[in-house]
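Summary of the model geometry
Each chain is listed here by its residues.
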Amino acid sequence: MDHIRNHLKNSRRVLLVSHVNPDGDAIGSLIAMGLALEAMGLSATLCNASPIPAVYRFLPAVQRITDRIDGTQTYDTAMVLDCGDLKRVGNRLMEAINRIPIIVNVDHHITNTGFGHLQQVEPFACATAEIVYRLIRSFEVPVSRSIATAIYTGILTDTGSFRFANTNRAAFRICEEMVALGVDPSKVAQHVYGTYSLGRIKLLNLALDSIEISNNGKLSLMCLSQGMLQETGTQSEDADGLINYARSIRNVKLAAMIQERPNSGTHAEGEGRYHVSMRSDGTVDVSEIASYFGGGGHVSAAGFTIESTLSNIKSEIMGLADTL
Ligand code: AMP
Ligand code: MN
Ligand code: MN
């Protein structure tokens, strides 16, 4: 903690970045840290390569997040949040970050590669927002209601509303403090879980219909195609969380959701680009499986992106059922 604070005390211009296809933790951590650095008197640029999902656009200062950086600006420090691997920021931003003298890596993925010059990597933290909270406390700047809302949202979403295996005492302790600082839990929940488009609910219907289960009942598989997104007028951000339905089936230890990525037809015969999300009941380490396929994550939530045919991916994943 202190090594990061001491470094920041001598910095002026910081570029903050989190992972592509951002979730509530990636966005909440970015905003909370950005606002705290500004409160310390630093200049902070908030950056993410992907669009911000509609459900997170209520967050304070969210409009400050930009997808491109001004080439004429120079930064002395890059802070990379919620990324197990620097590549997770996207290729364009990774190149920009690699030109910045000091890279600070703040993350909670067990598969973190240890990139950067300064690290605060805590695999037992429930969310990057938990680590961001402690860093901000070490900076001794006041936690405004805006910062509190961003931290609360990061912890709420990464713990699946305090249900997933990463839910720890800090999650409750910090969120209680954020509520004391003015966060309204029902308002946040209404934005995050209660403002879905009708298309998203229709997409849920198609996703549920696609569920297949292994012979031993321990593995469930969900598939989402680009056609399903078109049919329902949705975007890939609307697929967020759907995998939890596949995970919630009795006796299922491992659930996978295979999501076709756009322009996946431009590859070799029948091949496409797919994102595979995996969730486990905690008895199977899905971060190990995801790492094997070039991705990463946590023990009970992980993912990877792969170029292959859908049938190959499906049979490879179904093949895991016998090991469960
Ligand atoms: P998702 O599959 O997008 O729901 O992500 C589940 C978890 O795995 C998150 O903590 C992600 O940060 C992580 N993850 C997803 N995709 C990748 C990837 N390609 N490389 C490394 N980690 C990933
Ligand atoms: Mn994340
Ligand atoms: Mn996270």
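Because the structure is predicted, anything quoted here is derived from the model rather than measured.

Reading guide: rules and limits
- Residues numbered from 1 in each chain as written.
- Chains lettered and ligands numbered in written order.
- Predicted model: local features only at pLDDT ≥ 70, side-chain atom pairs only at ≥ 80, totals over all residues.
- Heavy atoms only, no water.
- Patch = residues over 30% accessible without salt bridge, like charges linked within 9 Å, V, L, I, M, F, W, Y side chains within 5 Å.
- Areas by Shrake-Rupley, 256 points an atom, 1.4 Å probe, with all protein chains shown as cover.
- Salt bridge = Lys/Arg side-chain N within 4 Å of Asp/Glu carboxyl O.
- Helix = DSSP H or I, 4+ residues; strand = E, 2+ residues; numbered from the N terminus.
- Donors = N, O, S within 2.8 Å, 3.2 Å for Na, K, Ca; no water.
- Buried < 20%, exposed > 50% of the residue type's maximum accessible area, 1.4 Å probe, protein only.
- Axes fitted to C-alpha atoms, helices over the stretch in contact; angles between N-to-C directions.
- Parallel < 35°, antiparallel > 145°, perpendicular 65-115°, else oblique.
- Contact = heavy atoms within 4.5 Å.
- Nonpolar A, V, L, I, M, F, W, Y, C, P; charged D, E, K, R; others polar.
- Pairing = 2+ DSSP bridges.

Regarding a nonpolar patch on the surface
Together, Tyr193, Tyr196, Leu198 and Ile201 line one region of the surface with nonpolar side chains, adding up to about 380 Å² of accessible area. Secondary-structure assignment places tyrosine 193 in helix α7 (residues 185–193).

Side note on the environment of glutamate 140
Tracing the backbone shows glutamate 140 in the loop between α4 (128–139) and α5 (145–158). Sequence separation between glutamate 140 and arginine 273 is 133 residues; the distance between their C-alpha atoms is 45 Å.

Some details on the coordination of the manganese ion (ligand 3)
Distances from the manganese ion (ligand 3) to its protein donors, namely Asp25 (OD), Asp82 (OD), His108 (NE2) and Asp158 (OD), fall within the range 2.2 to 2.3 Å. The sequence motif formed by the donor residues of the manganese ion (ligand 3) is D-x56-D-x25-H-x49-D. Separating the manganese ion (ligand 3) from the manganese ion (ligand 2) is a gap of 3.6 Å, which aspartate 82 spans by donating to each of them. Taken as a pair, aspartate 25 in helix α2 (residues 24–39) and histidine 108 in the loop between β4 (102–107) and β5 (118–121) lie far apart in primary sequence, 83 residues in all. Each member of the pair, aspartate 25 as well as histidine 108, carries the same accessibility label: buried.

What to know about the coordination of the manganese ion (ligand 2)
Each protein donor to the manganese ion (ligand 2) is listed here as His19 (NE2), Asp23 (OD), Asp23 (OD) and Asp82 (OD); together their distances run 2.1 to 2.8 Å. Mapping the donors of the manganese ion (ligand 2) onto the primary sequence gives the spacing H-x3-D-x58-D.

Things to note about the packing of α2 against α4
Running from N to C, α2 and α4 cross one another at 10°; their axes reach a closest spacing of 9 Å. In terms of axis orientation, α2 runs roughly parallel to α4. Of α4, the residues touching α2 (which contributes Asp25, Ser29, Ala32, Met33, Ala36 and Leu37) are Thr128, Ala129, Val132, Leu135, Ile136 and Phe139. Classifying every residue of the contact of α2 with α4 gives nine nonpolar, two polar and one charged.

A few points about the sheet that holds strand β2 (residues 43–47)
Ordered in space as β2-β1-β3-β4-β5, the five strands form an open sheet in which the pairing is parallel. Whereas interior strands pair on both sides, the edge strands pair on one side only; in this sheet they are β2 and β5. Sheet twist, expressed as the average angle between the axes of neighbouring strands with direction ignored, equals 15°. Bridge analysis of strand β1 (residues 13–18) against β2 gives five bridges, and the strand direction is parallel. The residue bridging leucine 15 from the neighbouring strand is threonine 45, located in β2. Contacts between helix α1 (residues 2–9) and the sheet are confined to β1, β3 (77–81), β4 and β5, with β5 contributing the most and set at about 140° to the helix.

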